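# Architecture at a glance
Now for the letters of each chain:
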Amino acid sequence: MKHSLLLLTLIGSIALTACERPKETVVIAVPGPAGSTGATGATGDTGNTGNTGHTGATGTEGVQGATGETGNTGNTGNTGTTGNTGNTGATGDTGATGDTGATGDTGSAGSTGSTVIIVP
């Protein structure tokens with residue numbers, strides 16, 4: 001910092017002498033050596049906490065997904081077992097005896113036959 005002030009004064013004096021002016025005596029104050037650093041100031045109070053922000057709006061509902069594919073057809077079931085054979089039926093009752101038939105008519109007497117001669 002000490003050198004920058006010295007440089008600044010030097011540039012200022014050159015700038016003033018470059019102008020065409022009547023000669024005047026310019027007194028430039030040169031600062032003395034810097035004093036010691038001052039004590040650190042007290043820490044300031046903590047600021048207030050800010051307000052909580054607003055809750056954001058609810059998002060829009062998503063699009064419905066596509067319908068799933070149809071599942072595979074199941075395998076054909078096994079053939080069932082053959083059922084049991086039924087029991088033999090009971091023997092039927094004996095039928096009724098038929099009625100006796102009518103007696104036939106008496107036949108006619110036979111005719112007398114002819115004699116046959118056989119010649120040798």
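Look a little higher up for the structure.
Quick look at the structure, then. Bear in mind that the values here come from a model prediction, so they are computed numbers and not experimental data. (Residues numbered from 1 in each chain as written. Predicted model: local features only at pLDDT ≥ 70, side-chain atom pairs only at ≥ 80, totals over all residues. Heavy atoms only, no water.)

Helices and strands together make up the secondary structure of the protein, namely one helix and zero strands. Taken along its principal axes, the extent of the C-alpha atoms in the protein is 215 × 50 × 30 Å. Within the span of the protein, comprising 120 residues, buried residues form 0% of the whole. Carbon and sulfur atoms make up 52% of the accessible area of the protein, which amounts to about 13100 Å² in all. (Helix = DSSP H or I, 4+ residues; strand = E, 2+ residues; numbered from the N terminus. Buried < 20%, exposed > 50% of the residue type's maximum accessible area, 1.4 Å probe, protein only. Areas by Shrake-Rupley, 256 points an atom, 1.4 Å probe, with all protein chains shown as cover.)

On the surface, a nonpolar cluster with roughly 390 Å² of combined accessible area is contributed by Leu7, Leu10, Ile11 and Ile14. Mapped onto the fold, Ile11 is located in helix H1 (residues 2-18). (Patch = residues over 30% accessible without salt bridge, like charges linked within 9 Å, V, L, I, M, F, W, Y side chains within 5 Å. Salt bridge = Lys/Arg side-chain N within 4 Å of Asp/Glu carboxyl O.)

Before going further, it helps to spend a moment on the environment of Gly71. Checked against the element boundaries, Gly71 lands in the segment after H1. Along the chain, Gly71 and Ala42 lie 29 residues apart, while their C-alpha atoms are 78 Å from each other.

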